[in-house]
Amino acid sequence: MDNPKPKRTYKDSLFCSRFSNPEDLAALHEMISGISTSPEEITINTLKHALFSQVRNDISFLSGKKFMVLTEEQSSLNQNMPLRMLIYVTLLYRNMLKKRDFFKEKIVLLPAPEFIELYCGTKEQPPETKIRLSEAFPGDVPFEPSLELVVTRFNISYNEDIKKCCRLHKYKPIRDYSFFVHDVQQRLDSGEQLGAAIAKTMEYCISHDIMRKFLLEHEQEVPAMYSLRYDAQAAREAALDDGRIEGRIEGRNEERSEGIKSLIATIKDISANQSQAIDQLMKRYSLTRDQASAAVQANW
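Starting from 1, residues in each chain are numbered consecutively following that chain's sequence as written. Owing to the predicted nature of the model, reporting of local features is limited to residues with pLDDT of at least 70; listing and counting of side-chain atom pairs is limited to 80 or more, with chain, interface and lining totals taken over all residues. Excluded from the side-chain calculations are hydrogens and water; all other atoms, namely the structure's heavy atoms, are used.

Topic: the packing of aromatic side chains
- Each aromatic pair joins two rings of Phe, Tyr and Trp (for Trp, the six-membered one) with centres within 6.5 Å, and gets the label stacked for planes under 30 degrees apart, edge-to-face for over 60, and tilted for any other angle. Under the criterion given, the structure shown has 6 aromatic pairs.
- With a centroid separation of 5.9 Å and an interplanar angle of 75 degrees, the aromatic rings of Phe-19 and Tyr-177 are classed as edge-to-face. Of this pair, Phe-19 sits in the loop between α1 (14–18) and α2 (22–33) while Tyr-177 sits in helix α5 (residues 172–189), and the two are 158 residues apart along the sequence.
- With a 1.4 Å probe rolled over the protein chains alone, any residue whose accessible area is under 20% of its type maximum counts as buried; one over 50% counts as exposed, and the rest are partly exposed. On the accessibility criterion, Tyr-177 (1% relative accessible area) is buried.
- One aromatic cluster is present, formed by Phe-15, Phe-19 and Tyr-177 through successive ring pairs.
- In this scheme, the term charge over a ring applies when either NZ of a lysine or CZ of an arginine sits within 6 Å of the ring centre and within 35 degrees of the ring normal. Over the aromatic face of Phe-19 sits the side chain of Arg-18, whose NZ or CZ is 5.7 Å from the ring centroid. Note on conventions: DSSP H or I runs of at least 4 residues are helices, E runs of at least 2 residues are strands, and numbering of each starts at the N terminus.

Pasting the structure below:
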């Protein structure tokens, strides 16, 4: 399996651009953790490159000296988030430690990690879901796996739950972001083109004091940032379609391989004549003589 190569160029998504300040991250951390957090405690330490995409949806930050929070906004469900977070947090710890720290006799204190996925999509989801790395391990191993990582998926899609959670004014940025994504999607579902949908949502939000300051300050960038989010989702869906096509091809190839083996076994039982088997394979499966001969030699 090839190791994913870090992308050295990336573009911030609308989420990353909107929540790139300590004030809003403090409110976000307080809402999801229930721990009172002030902006002065927030230190953003997001990696300088995205790991798996040219669109960065992730923000990591320190809350005081106790917590290191990794967040990633998703518009589609991803059950492999614990694996992504495992790679990410390893890089973060490596960046914050000196080489000699790994060889000290005494334990090196680390900020406790919190792994958060913020889901803002169209599928029905409960307000909160736990996703565990151990779910990816074989279920029949004769011991308890020594590694675990738990990601909490918070559903911030625009619904009654998120509106209730964000009643306090300091949580307004979260509710506003959720509404913006929801309103664009509603317009897309009604048949509008992406550009028109974004423009009309921006106009509505500015006139109704929803992300007003941010939208006015980034009026030119927002359509591109949201389009990146939309294009990334389309790319994922296309990749899944490619995977399904490849799976069907692999399935057909497997059936073909089994058919070849079965035919060779049948001829072997009847006549033990390799030449006959080669002729039959060439005729039935359109193989060259060399290909048919190799198949017979491998399965005789």
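With respect to helix α6 (residues 194–207)
- Compared with the 20 Å implied by 1.5 Å per residue over 14 residues, the 20 Å span of α6 between its first and last C-alpha is a close match.
- By the burial criterion, the buried members of α6 are Leu-194, Ala-197, Ile-198, Thr-201, Met-202, Cys-205 and Ile-206. Around the axis of α6, the buried residues are gathered within 155 degrees of arc, so they sit on the same side. Exposed side of α6, more than 90 degrees from the buried face: Glu-203 and Ser-207 are the residues found there. Expected span of a helix, by definition, is 1.5 Å for each gap between consecutive residues, and there is one gap fewer than residues. Note that the arc is computed from the directions linking the helix axis to the C-beta atoms.

Describing the pattern of salt bridges
- Put simply, a salt bridge is a Lys or Arg side-chain nitrogen that is within 4 Å of an Asp or Glu carboxyl oxygen. A full pass over the atoms with the stated rule returns 10 salt bridges.
- Between Asp-101 and Lys-104 there is a salt bridge; the shortest N-O distance is 3.0 Å.
- One salt bridge connects Arg-187 with Asp-183, and the closest N-O pair in it is separated by 2.8 Å. Separated by 4 residues within a single helix, Arg-187 and Asp-183 lie in helix α5, roughly one turn from each other. Each member of the pair, Arg-187 as well as Asp-183, carries the same accessibility label: buried.

Details of the confidence of the model for the protein chain
- Mean pLDDT over the protein chain: 83, with 81% of residues reaching 70 or higher.
- Residue-level confidence of the predictor, termed pLDDT, takes values from 0 up to 100. Note on contacts: a residue pair is in contact if any heavy atoms of the two residues lie within 4.5 Å. Note that pLDDT drops below 50 for residues 1–9; the model gives that stretch 12 contacts with residues more than four away or on any other chain.

Notes on the nonpolar core
- We define the nonpolar core as a collection of buried residues of types Ala, Val, Leu, Ile, Met, Phe, Trp, Tyr and Cys that are connected through side-chain atoms lying within 4.5 Å of one another. Core analysis: the biggest nonpolar cluster contains 42 residues, and Tyr-177, Phe-180 and Leu-215 have the highest contact counts within it.
- Sorting the residues of this core by element identifies α1, α2, β4 (58–63), β6 (112–119), α5, α6, α7 (212–217) and α8 (222–270) as the ones contributing at least two each.
- Ranked by residue count, the leading element in this core is α5, at 7 residues.
- Met-68, Met-81, Val-89 and Leu-92 belong to the second-largest nonpolar core, a separate cluster that totals 14 residues.

Side note on the sheet that holds β4
- The mixed open sheet is built from 6 strands, whose spatial order is β2-β4-β5-β6-β8-β7. Strand pairing shows two members of the sheet lacking a second neighbour, β2 (42–44) and β7 (128–132), which therefore form its edges. Within the sheet, the average angular offset between the axes of one strand and its neighbour, ignoring direction, is 25 degrees.
- Two strands are said to pair when DSSP picks up at least two bridges between them. Across 5 bridges, β7 lies against strand β8 (residues 150–155) in antiparallel orientation. Paired with Thr-129 across the two strands is Arg-153, which belongs to β8.
- Its contacts with the sheet put helix α3 (residues 81–96) on β4, β5 (67–74), β6, β7 and β8, and the angle it makes with β5 is roughly 140 degrees. The axes are straight lines fitted to the C-alpha atoms, using for helices just the contacting stretch, and the angles between their N-to-C directions are given from 0 to 180°.

A closer look at the environment of Asn-95
- Tracing the chain through its elements places Asn-95 in helix α3.
- Spatially, the C-alpha atom of Asn-95 lies 9.2 Å from that of Leu-47, the residues being 48 residues apart in sequence.

With respect to the environment of Asp-176
- The topology assignment puts Asp-176 in helix α5.
- A relative accessible area of 6% means that Asp-176 is categorised as buried.
- Along the primary structure Asp-176 and Tyr-158 are separated by 18 residues, whereas in three dimensions their C-alpha atoms are 9.0 Å apart.
- Residues contacting Asp-176, with those up to four places away along its chain left out, are Asp-209, Ile-210 and Met-211.
- Only 3.2 Å separates the side chain of Asp-176 from the backbone nitrogen of Met-211, close enough to count as a polar contact. Counting of polar contacts relies on pairs of N or O atoms within 3.5 Å, with two restrictions inside protein: one atom must be capable of donating a hydrogen and the other of accepting it, and residues adjacent in sequence are counted only when both atoms are side-chain atoms.

A word on the packing of α5 against α6
- Axis separation between α5 and α6 bottoms out at 9 Å; the angle between their running directions is 135 degrees. Our classification of the angle between α5 and α6 gives oblique. Every pair of crossing elements has a handedness; the one defined by α5 and α6 is right-handed. Counting all contacts with α5, which are made through Phe-179, Phe-180, Asp-183, Val-184, Arg-187 and Leu-188, the residues of α6 involved are Leu-194, Ala-197, Ile-198, Lys-200, Thr-201, Met-202, Tyr-204 and Cys-205. When an angle is under 35 degrees it counts as roughly parallel; over 145 it counts as roughly antiparallel; between 65 and 115 it counts as roughly perpendicular; any other value is oblique. By definition, turning the near helix anticlockwise from the far helix through less than a right angle yields a left-handed crossing, and turning it clockwise yields a right-handed one.

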